[in-house]
Amino acid sequence: MSETFDLAIIGIFIFSAIRLATPMIFAALGGMFSERSGVINIALEGLMLAGAFTAAVVTYELSNPYFGFLCGILAGGVLAFIFAITVIKFEADQVVAGVGINILMLGVPALLSSAIYDSAGSTEQIAKEFLLPDVFGLNVASILAFLLVPTAWYVLYKTPFGLRIRAVGENPEAADAAGIKVLRMRYTGVILSGVLAAAGGAYLSIGQSSFFTRGMSAGKGFIALAALILAKWRPIQVLIACLFFGFTEALAIQIQGSSWAKIGGEEIPVQFIEMLPYVLTIIVLAGFIGLSKAPKALGIPYKKEN
Amino acid sequence: MKIFREAIYPLIAVTAAFIIGGIIILIIGDNPITTFQLLIENSFGSVKGITETLFYATPLIFTGLAVAVAFRCGLLNIGAEGQLYVAAFATAWVGIKFGGTIVNIFGKQEDWSWVSLPAILLVPLCLATAIIVGGFWGAIPGYLKAKFGSHEVINTIMLNFVAIALVSYLTQYHYKIPGDPILQTAPIGDAATIPKLNQFLPFIPQDVALNFSFLLAILMCVFVYIFLWKTKWGYELRAVGENPTAAEYGGISPKKQIIIAMTISGALAGMVAIGEVMGFRHNYYHGFSAEWGFLGIAVALLGRNHPLGVFIAAIFFAVLLRGGIFVDAFTEYVSKDLVEVLQAIIILFVAALQKYTK
C-alpha cells in the first residue's frame, strides 16, 4: 500500500518537474545561442514575457494555440532584434540594455492588456480546448523542449553554423579574418534566443496556464540564466540543470501546505528551496564546483578594424 | 558648455521616450497630450504636489547614487533591490528588539523586545543598521568579484532573489504578528522613528509623508560628490573604473577598490530603509519597494552617474511615478504601466547613445 503510494508520488513529481522545467529549457537554450555568440542575455525574462503575452492574446482572439504559439515566438524574435540593434549596432552595454528590455516587457503587456481587456495586467481566460494539448500526459511544448536539446547540441557542435557561432563568441578577430561575418552571426544568435525564450513564455500562458498575467515568468528567465551558467553553456548540461531546478520548484510547491516535508520534525520553509538555484549559481561562479568558463568574448562589442 | 554636453543625450532619450510613448497612446486610443499633462502637471503647482514628489524621489536618489558609485568603478550593481530589502528588514528588526515593541497576540500581550532604548540611542543604532547591512549585502558580490573574478552582474541578480526569499522567511516565520494576514513585521518602537518634515514646516500638508530621510538624501548627494572628486579614495575608485590596468600600474589595487565601491553602493541602497521603515511605514512590509533598485539604474544612467544628475533624474522619475496614478484614474484606456514603458525606452536610448558621449 505505502509502496504504491510512494511510486505514485514519485511519478507525479517527475511529471511536475518536467512541466516546470519546460519554459526554462527553452529560455536557457535560447540564452546559450546568444551568449555563445558573445552577447550577454539578461533579457531572457522580458523575451519570455513577450512570447507569453502575444501567444495568450492571439490564442484567445483566434482560438488556435498553434498560431498563437507561432505569433508568440515571432514577437520574441522581433523584440530580440530590437535588443540586438541596441547592443550590436549601437554597442550599448549589454546588461543595461537587457534590463531595459525586461522593464519594457513589464510595462507593454500590462499597458496593452488593460487597454484591450480593461483588466489590470491580465488577459482573458482561454477555454481549455484551445490550449496547447497534452500528448501521453505531457504537453506538446514539453516534448518540443526535449527534442530541442539534441537538436541544439547537433547545431552547436556538428554544423558550420554552430562552429561560426562559437567562433565569434570566443575569438571574433580570428573569425573575422577567416571570413565569418561576426555581426551577422551575433544578430542570428540573439534573435534565436528571442524565439526560443518566447517559446518558453508561450508555454507558460497557453500550456501551463490559460491566460497571461503581468510578470508571469516570475524570475524563470533568470533561473534559465543560472542554469546556463551552471551548465557552462552546454546544451545537454542545460537540460540537466533545468530539470534539477524544475524538481526543486516542484518540491517547493509540494511543501506549501503539506506536512510531510520535514527534517527531524522541523518544517522546511519553502523560501530555502526557492533560494537554492540562486545560491548554487553563486557558488559555481566562485569556482567551488569546477570553473565555469564563459565564452571569451562574452559582453565585448565587436568593432571591425580597417 | 560642459553641462550642455552632459545634458544633451539624456534629453534626447527623454524626448524619444515621449515620442514613442505618445505613438503607443495614440494606438491605444487616447490623447497623448492630455495623458502627458496628467502625467506631469499634478506634481507641480501646489505645495502638496511638490512635497509628494520629493517623497517619491527620496528612495530613487539613494538607489541612483548607489548604482552611480558602482558605475564609476566600472561595476554594474543590479543588486540595489536586494540590498535595500535586507537593510529594511534589519532596521525593523533592531527597531523591534531594541525599541520595546509589545505585540498583542489574540488578546494576550507579549514583549518581543530585549530592551527599550531611548530615541537618542535607538535612532543612530537603526541608521547604522540600515547602512551597515546594506553595505554588507553589497560587499558580498564585491568580494566574490575581487577574490574569484565572478561577474558582479550575475551575483547581484542572484543575491536579489536570495535577499527577498530570506527576509520573506524571517518575516513569515519569526517576526509577523500571528493572525496578521499581511506579510509584515510587528511595528518598531516609537523611539526608532524619525519625524515627518511637516512637524517642523507647517506649510507641508499633514498627509504628506515626506520625512527626514529626504534631507539625508540631499546630504548623500553632496557626500558622494566630495568623496568621488575631492578625496584620494574617490580618485582611486574612479581610476579603476576608467582603466583597471593603468590604475594597477599606478599602484592602485583594483580588487580593493571593487570591494570598497560595492560596499558604499550597498550602503547607499540600504539607506532607503531609513525613509521607509523609520520615517514612513514604521515596520517592515514585504513588497514595500516599487522596484526602486532597478529604477536606480535608470536614474543613474539618465543622471550621467553624477550626484547632481542623479538628483534631477530622481525627481523626474518621481514625477512620472506619481503622475502614473493620475493617468490611471483619469484617462480612458492608458494605465500607469505607461511609466514603465517610458522608463524602459529611456534606458535603451541612453545605453545606445553612450558611445557618442565619449
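Each remark here, short or long, concerns the structure printed above.
Residues numbered from 1 in each chain as written. Chains lettered and ligands numbered in written order. Predicted model: local features only at pLDDT ≥ 70, side-chain atom pairs only at ≥ 80, totals over all residues. Heavy atoms only, no water.

S.K.: Explain the overall build of chain B to me, and be specific about the residues and the numbers.
M.R.: When helices and strands are counted, chain B shows 14 helices and 2 strands. Taken over the C-alpha trace, chain B has a radius of gyration of 21 Å; the compact-globule value for 358 residues is 21 Å, and the two agree within 12%. Principal axes of the C-alpha set define a box for chain B whose edges measure 65 × 60 × 35 Å. Counting only residues that meet the buried cut, chain B has 57% of its 358 residues in that class. (Helix = DSSP H or I, 4+ residues; strand = E, 2+ residues; numbered from the N terminus. Rg over C-alpha atoms; globule rule 2.2 N^0.38 Å. Buried < 20%, exposed > 50% of the residue type's maximum accessible area, 1.4 Å probe, protein only.)

S.K.: Hey, could you go over the nonpolar core for me, with residue numbers and the actual values?
M.R.: Soluble globular proteins tend to bury their nonpolar side chains together. Ranked by internal contacts, the top residues of the largest apolar core, which has 217 residues, are A:Leu29, B:Leu39, B:Leu268 and B:Phe317. With 13 residues, the top contributor of residues to this core is helix α3 (residues 47-72) of chain B. (Core = buried A, V, L, I, M, F, W, Y, C linked by side-chain atoms within 4.5 Å.)

S.K.: Any details on a nonpolar patch on the surface? Residues and values, ideally.
M.R.: Residue and element names in this part refer to chain B. On the surface, a cluster of nonpolar side chains totalling about 870 Å² of accessible area is made up of Val47, Phe200, Leu201, Phe203, Phe212, Leu215, Ile218, Val222, Tyr225 and Ile226. With 5 residues, helix α7 (residues 213-230) is the largest single contributor of residues to the nonpolar patch. Inspection of the secondary structure assignment puts Ile218 in helix α7. Classification of Ile218 as partly exposed rests on a relative accessible area of 33%. (Patch = residues over 30% accessible without salt bridge, like charges linked within 9 Å, V, L, I, M, F, W, Y side chains within 5 Å. Areas by Shrake-Rupley, 256 points an atom, 1.4 Å probe, with all protein chains shown as cover. Salt bridge = Lys/Arg side-chain N within 4 Å of Asp/Glu carboxyl O.)

S.K.: If you had to explain α3(B) to someone new, which residues and values would you point to?
M.R.: Residues and elements named next belong to chain B. For α3, spanning 26 residues, the distance from its first C-alpha to its last is 35 Å, which sits close to the expected 38 Å at 1.5 Å a residue. Along α3, the sharpest change in direction is near 35 degrees and occurs at Ala57; proline Pro59 comes one to four residues later. Trailing α3 by a residue or two, Gly74 shows a phi angle of about 80 degrees, which is positive. (Expected span 1.5 Å × (residues − 1). Bend = angle between axes of the 7 residues up to and from the residue.)

S.K.: Quick rundown of the pairing of strand β2 (residues 108-111) of chain B? Include the residues and the values.
M.R.: Residues and elements named next belong to chain B. Bridge count for strand β1 (residues 102-105) against β2 is 4 bridges, and the pairing is antiparallel. What sits directly across from Ile102, in β2, is Asp111. From the end of β1 to the start of β2, which pair antiparallel, there are 2 residues, and Phe106 there has a positive phi angle of about 45 degrees. (Pairing = 2+ DSSP bridges.)

S.K.: Which residues make up the environment of B:Gln206, and what values do they have?
M.R.: All names here are of chain B. Tracing the backbone shows Gln206 in the loop between α6 (152-175) and α7. Through-space distance from the C-alpha of Gln206 to that of Lys196 is 9.1 Å; in sequence the pair is 10 residues apart. With near-sequence residues (within four places) excluded, Gln206 lies in contact with Lys196 and Asn198. (Contact = heavy atoms within 4.5 Å.)

S.K.: Would you mind going over the interface of chain B and chain A in detail, with residue names and values included?
M.R.: Contacts between chain B and chain A engage 41 residues on the former and 43 residues on the latter. Of the roughly 3600 Å² buried between chain B and chain A, counting both surfaces, carbon and sulfur atoms make up 79%. At the junction of chain B with chain A, the criterion picks out 3 salt bridges. Our count for the chain B to chain A interface comes out at 6 residue pairs in polar contact (both at pLDDT 80 or more). For the side of chain B that touches chain A, the secondary structure elements donating two or more residues are α1 (2-28), α5 (119-148), α6, α12 (292-302) and α14 (338-353) of chain B. (Buried area = accessible area lost by both parts, 1.4 Å probe. Polar contact = N/O pair within 3.5 Å; in protein donor to acceptor, adjacent residues only side chain to side chain.)

S.K.: Outline the environment of B:Gly324, supporting the account with residue identities and numerical values.
M.R.: Considering the arrangement of structural elements, one finds B:Gly324 in helix α13 (residues 307-330). Beyond its immediate stretch of four places on either side in the chain, B:Gly324 contacts B:Leu39, B:Lys336 and B:Val339.

S.K.: Before we move on, can you summarise the packing of helix α4 (residues 80-97) of chain B against α5(B) with the specific residues and values?
M.R.: All names here are of chain B. Contact pair α4 / α5: the axes reach a minimum separation of 8 Å and the direction vectors enclose 150 degrees. By the angle class used here, α4 and α5 are roughly antiparallel. The two elements α4 and α5 meet at a crossing, and its hand is right-handed. Facing α4, whose interface residues are Gly82, Gln83, Val86, Ala87, Ala90, Thr91, Val94 and Gly95, α5 presents Leu122, Leu125, Cys126, Thr129, Ala130, Val133, Gly134, Trp137 and Gly138. Of the residues contributing to the contact of α4 with α5, the split by class is 10 nonpolar, 7 polar and no charged. (Axes fitted to C-alpha atoms, helices over the stretch in contact; angles between N-to-C directions. Parallel < 35°, antiparallel > 145°, perpendicular 65-115°, else oblique. Left-handed = near helix turned anticlockwise from the far one by under 90°. Nonpolar A, V, L, I, M, F, W, Y, C, P; charged D, E, K, R; others polar.)

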